[in-house]
Amino acid sequence: MSIIRFSVSLVAIIGAMAATIAAATIWLLLTDPIQSAQAADALVNGNVAPFMAAVGSVIYGALKGLFKYL
């Protein structure tokens, strides 16, 4: 049973991370389309760093606001 529980927990964690990144990407597209376009251009050229930095800054800002509220 422990392997089944572990696999379900792992799938849940991966799903939560994927949903968070998807939501941050959508938020970035809606709030800052210029930065999104620049990150997408870099992503097409094979450079992942600007996209991850943009998404990371959105997630960081959301967590900062959440912790400020709490």
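Residues numbered from 1 in each chain as written. Predicted model: local features only at pLDDT ≥ 70, side-chain atom pairs only at ≥ 80, totals over all residues. Heavy atoms only, no water.

## Overview of the overall build of the protein chain
Moving on, step 1. The secondary structure content of the protein chain amounts to three helices and zero strands.
Moving on, step 2. Along the protein chain, helices and strands appear, N-terminal first, in the series α-α-α.
Moving on, step 3. On C-alpha atoms alone, the protein chain measures out to a radius of gyration of 15 Å, which is more than a quarter above the 11 Å that the 2.2 N^0.38 rule sets for 70 residues.
Moving on, step 4. Judged by the C-alpha coordinates and their principal axes, the protein chain covers about 50 × 35 × 15 Å.
Moving on, step 5. For the protein chain, the residues scored as buried account for 13% of the 70 residues in total.
Moving on, step 6. Surface accessibility of the protein chain: about 5500 Å² in total, with carbon and sulfur atoms responsible for 75%. (Helix = DSSP H or I, 4+ residues; strand = E, 2+ residues; numbered from the N terminus. Rg over C-alpha atoms; globule rule 2.2 N^0.38 Å. Buried < 20%, exposed > 50% of the residue type's maximum accessible area, 1.4 Å probe, protein only. Areas by Shrake-Rupley, 256 points an atom, 1.4 Å probe, with all protein chains shown as cover.)

## Here we look at the packing of helix H2 (residues 33-44) against helix H3 (residues 49-69)
Moving on, step 1. Their axes nearest at 8 Å, the elements H2 and H3 cross at an angle of 145 degrees. Between H2 and H3, the contacting residues are Gln35, Ala39, Ala42 and Leu43 on the first element and Pro50, Phe51, Ala54 and Ser57 on the second.
Moving on, step 2. Its residues assigned to classes, the contact of H2 with H3 shows six nonpolar, two polar and no charged. (Axes fitted to C-alpha atoms, helices over the stretch in contact; angles between N-to-C directions. Contact = heavy atoms within 4.5 Å. Nonpolar A, V, L, I, M, F, W, Y, C, P; charged D, E, K, R; others polar.)

## Some points on the nonpolar core
Moving on, step 1. Listed in full, the seven residues of the largest apolar core are Ala24, Leu28, Ala39, Phe51, Ala54, Val55 and Val58.
Moving on, step 2. Of all elements in the fold, only helix H1 (2-31) and H3 reach the threshold of two or more residues within this core.
Moving on, step 3. In terms of residue count, the dominant contributor to this core is H3 (four residues).
Moving on, step 4. Aside from chain neighbours lying at most four places away, what touches valine 55 is Ile21, Ala24, Thr25 and Leu28. (Core = buried A, V, L, I, M, F, W, Y, C linked by side-chain atoms within 4.5 Å.)

## Concerning the confidence of the model for the protein chain
Moving on, step 1. Chain-level pLDDT for the protein chain is 88 on average; 99% of the residues reach the 70-or-more range.
Moving on, step 2. For the protein chain, the element scoring lowest by mean pLDDT is H1, at 88; H3 scores highest, at 90. (pLDDT = per-residue confidence, 0-100.)

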